[in-house]
Amino acid sequence: MSNILEVQNVVKQYGDYTALNNVSLQVPKGSIYGLLGPNGAGKTSLIRIINQITMPDSGVVLLDGEKLKPEHVQYIGYMPEERGLYKTMKVGEQCLYLAQLKGMPEAEAKKQLKYWFEKLEIQGWWDKKIQELSKGMAQKIQFVVTVLHNPKLLILDEPFSGFDPVNANLIKDEIIELNKKGTSVIFSTHRMESVEEMCDYIALIHKSNKLIEGKLEDVKRQHRTNTFQVGIVTNNIEGLMLQLTHKFTLNQTNFKSLNDDLKLEVHLGQYNSNELLSILTQFGQVTHFVEKIPSVNDIFIQTVSQ
Amino acid sequence: MSVLSLIIKREFIAKVRNKSFIVMTFLGPLLIVGMTFFIAYLSSVNKGEVKTIGVHDRASVFVNDFKDSEDIKYVNLSSLSYDKAKDSSSNAFEGLIYVPEVKNIEELATKTTYISDDSPKMDFLMALQRTIDAKLNKENLEKLGFNSDTIEKAKIKSEVQFAKFSGEDGLKFLNEIKIAIGFAFGYLIMMFIIIYGNMVMRSVIEEKTNRIIEIIISSVKPFKLMMGKIIGTSLAGILQFLIWIVLGGAIMIGASFFMGGNQEAIATSQITAEQAEVATNFMDQIHLYMNEIPVASILISFVVFFIGGYFLYSSFYAAIGAAVDSETDSQQFLMPIIMPLMLAVYVGFLTVMNDPHGTVAVVFSLIPLTSPIVMLMRIPFGVPLWQLALSVVLLYGTFIFVVWFAAKIYRVGILMYGKKPTWKELYKWLKY
């Protein structure tokens, strides 16, 4: 699969402060790509470079294999974290204006706008001013403005911040639908649950450097800790514990279960899971045996605090 | 449509649709005309008041020379004693002119006293002194054996004619008219810069506070956005000025017709031959003056300097708007912009009037920040071509530099929120 976006060795400095230190990324076509990092990591700096708002000091950005040039703005839909609209401008005019700025002809913009207004059931808003709309309504318009010109690449900086749950869900569904139709999406966020749910790929930026990049499963595989959650119903707890502590490190844990069982978190260390299982089966009935997969949140915290 | 013209169009429409813009456009001329007539009315009310002034002149030196006028009445109190005259004047009259009895009439030149609790009006005082001067002069001459009537007859009042070396007739008051024209245009430019420069700044700040700016500049270059804003706003401004001129003119004509019609019962429909002649003479006069004043070069340079000056200053305004978060924060940066404008007007007023081609006037008409105003004040007097050319080149050169500079500040500033920048930080932004 080819890449919709490639960032190669990008460096950006503001005075003495380095915002991006030799960062490279590959965003595959058709993926939903999570760009993670704590506040001030350099995410927004990178996104602004991709949007040609600022220029990198060195390094190259390729969009669909081509070096970034001014015409590329029409292929990108960008929803910044700091977002808003002209308060005194009418909704319809505003959307048309912003679409035309992206290089879309007026007639086509009108057609698209009609499509989206019908889809989100907001046909009656054309002549309203933004200041007359509620915050949730304005957010819908904000999303329409971002996707109106059929971008190949959507860049959403903290897309769900400020959205109420109903709208957030609606927008999420729309994003997934667009993605299915072939739009690639870059998410910049520190809300991990949405990453877990939606992203195929992730990259982690911390203190101006990229620390992790790859397919979500691959990243998780790399960060597996060889830990299993175990539940067992036994009447010889002491014997079991003796056996286990001999080989493994144990931790208390908790999970939902219908049985009155012993719940443990076991670090395998140098041994494999079958060895653990064979010990367990000697002492009673195993009711729970699951590898503990690191969540994106765990990976994030673990990597950042290293 | 190109991106730039899209932005210009939006800015123009946004300005023109703005309620305060509409109100100001149509109310502005009414306010100004109303104010003019209000002031005229006030001064006419003032005129109606008649002041009474007592005169105590035992020797009857001046008493016959004080003639009642429209607003001053004199009452001869010479028959009373000085104290009585003073008392009654201070009670009933505006003041008392006291002419003491002296041996030598010349002493009156310094001994005549005007007694009043209110300080006298300037023109009344001048008239009083003129009357005394004339009387004493006449007395003196007669004492020396001259017949004052003969001398009066022998007096000659000169009237110097104006001419040019080329042989044409010159015109009087030409300088005054030139000064008026120069000032009108210079002042117009200053007003336009301040009003519409501020508008540009406000519109930049609005985009910042609305947080739409980042969406816009992910589609267009900040430089284009800035230029579009400046041009769009100035077009709206020009439209407003045109409406003002048309509307103001119409109201002025209408109002003066109305006022005039009230005074002289409407006989205006029948214009007498004499009136017609006066009118044609007047038109001829205007025509003569028009020939003397370089109308074409004034208009052309107005456009050239207007565009240069307005763009120069609005770029500053745009940069300031980008650097701050709210209008209140803009004050410290606005001072250095207003200063040269004020300086230009004052320098123009003080130097161009006295000596349109003096060193100070020439220098200030070359400095780009003051040249749009000072040069326009000088142009009616005829400016050497090389100075004009140099001034234009300097103005547009600076304009390009300032736009470049402003665009840099603008580019960085529009994405900066939260803190009020210092001059030092602005300097740092230039290097990003």
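Residues numbered from 1 in each chain as written. Chains lettered and ligands numbered in written order. Predicted model: local features only at pLDDT ≥ 70, side-chain atom pairs only at ≥ 80, totals over all residues.

Here we take up the overall build of chain B. A count of helices and strands for chain B gives 16 helices and four strands. By the burial criterion, 29% of the 432 residues in chain B qualify as buried. Long-range contacts, defined here as pairs at least 24 residues apart, represent 71% of the contacts in chain B between residues at least 6 apart. (Helix = DSSP H or I, 4+ residues; strand = E, 2+ residues; numbered from the N terminus. Buried ≥ 20, exposed ≤ 12 C-beta atoms within 10 Å, placed from the backbone. Contact = placed C-beta atoms within 7 Å.)

Inside soluble globular proteins, nonpolar side chains tend to come together where they are buried. With 126 residues, the main nonpolar core has Cys95(A) and Ala318(B) as its most contacted residues. With residues up to four places along the chain from it excluded, the contact list for Cys95(A) reads Leu113(A), Ile141(A), Val144(A), Val145(A) and Leu148(A). Of all hydrophobic cores here, the second largest spans eleven residues; its members include Ile53(B), Leu77(B), Ala85(B) and Val99(B). (Core = buried A, V, L, I, M, F, W, Y, C linked by C-beta atoms within 7 Å.)

For the rest of this paragraph, the subject is the interface of chain A and chain B. On the side of chain B, 16 residues touch chain A, which itself brings 19 residues to the contact. A per-element tally of the side of chain A that touches chain B places helix α2 (residues 91–101) of chain A first, with four residues. Split into classes, the residues belonging to the side of chain A that touches chain B amount to eleven nonpolar, four polar and four charged. (Nonpolar A, V, L, I, M, F, W, Y, C, P; charged D, E, K, R; others polar.)

Residues and elements named next belong to chain B. According to UniProt, the "transmembrane region" (unreviewed entry) feature falls on residues 21–42, 179–200, 238–259, 293–313, 333–353, 360–379 and 385–407. Taken end to end, residues 179–200 has its terminal C-alpha atoms 31 Å apart, with 100% of it in helix and 0% in strand. Structurally, residues 333–353 comprises 95% helix and 0% strand, and the distance from its first C-alpha atom to its last is 31 Å. (UniProt positions renumbered as here; feature names shortened; annotations may be inferred.)

Here the UniProt-annotated "domain: ABC transporter" (unreviewed entry) positions come out as residues 5–232 of chain A. Each end of residues 5–232 of chain A is marked by a C-alpha atom, and these two atoms are 49 Å apart; helix forms 33% of the span and strand 30%.

All names here are of chain B. Across the sheet, which stays open at both edges, the four strands sit in the order β2-β1-β3-β4 with mixed pairing between neighbours. The sheet is open, and its two edges are formed by β2 (72–76) and β4 (113–115), each paired on a single side. Neighbour-to-neighbour, the strand axes of this sheet turn through a mean angle of 25°, independent of strand direction. Sheet topology note: the strand β1 (residues 51–57)/strand β3 (residues 95–99) ladder contains five bridges and is parallel. Pairing of Val-55 across the sheet is with Ile-97, part of β3. (Pairing = 2+ DSSP bridges. Axes fitted to C-alpha atoms, helices over the stretch in contact; angles between N-to-C directions.)

So, about the domain arrangement of chain A. According to the domain assignment, chain A consists of domain 1 (3–221) and domain 2 (223–293). For domain 1 of chain A versus domain 2 of chain A, the distance between C-alpha centres works out to 44 Å. (Domains from an automatic or database assignment.)

Attention now moves to the packing of helix α11 (residues 295–323) of chain B against helix α15 (residues 385–413) of chain B. Residues and elements named next belong to chain B. Where α11 contacts α15, the two axes come as close as 8 Å, and the packing angle between them is 20°. Comparing their axes, α15 and α11 come out roughly parallel. Taken as a pair, α11 and α15 cross one another with a handedness that is left-handed. Across the interface between the two elements, Val-304, Phe-305, Gly-308, Phe-311, Leu-312, Ser-315, Phe-316, Ala-318, Ala-319, Ala-322 and Ala-323 of α11 pack against Val-392, Leu-395, Tyr-396, Thr-398, Phe-399, Val-402, Val-403, Ala-406, Ile-409, Tyr-410 and Gly-413 of α15. (Parallel < 35°, antiparallel > 145°, perpendicular 65-115°, else oblique. Left-handed = near helix turned anticlockwise from the far one by under 90°.)

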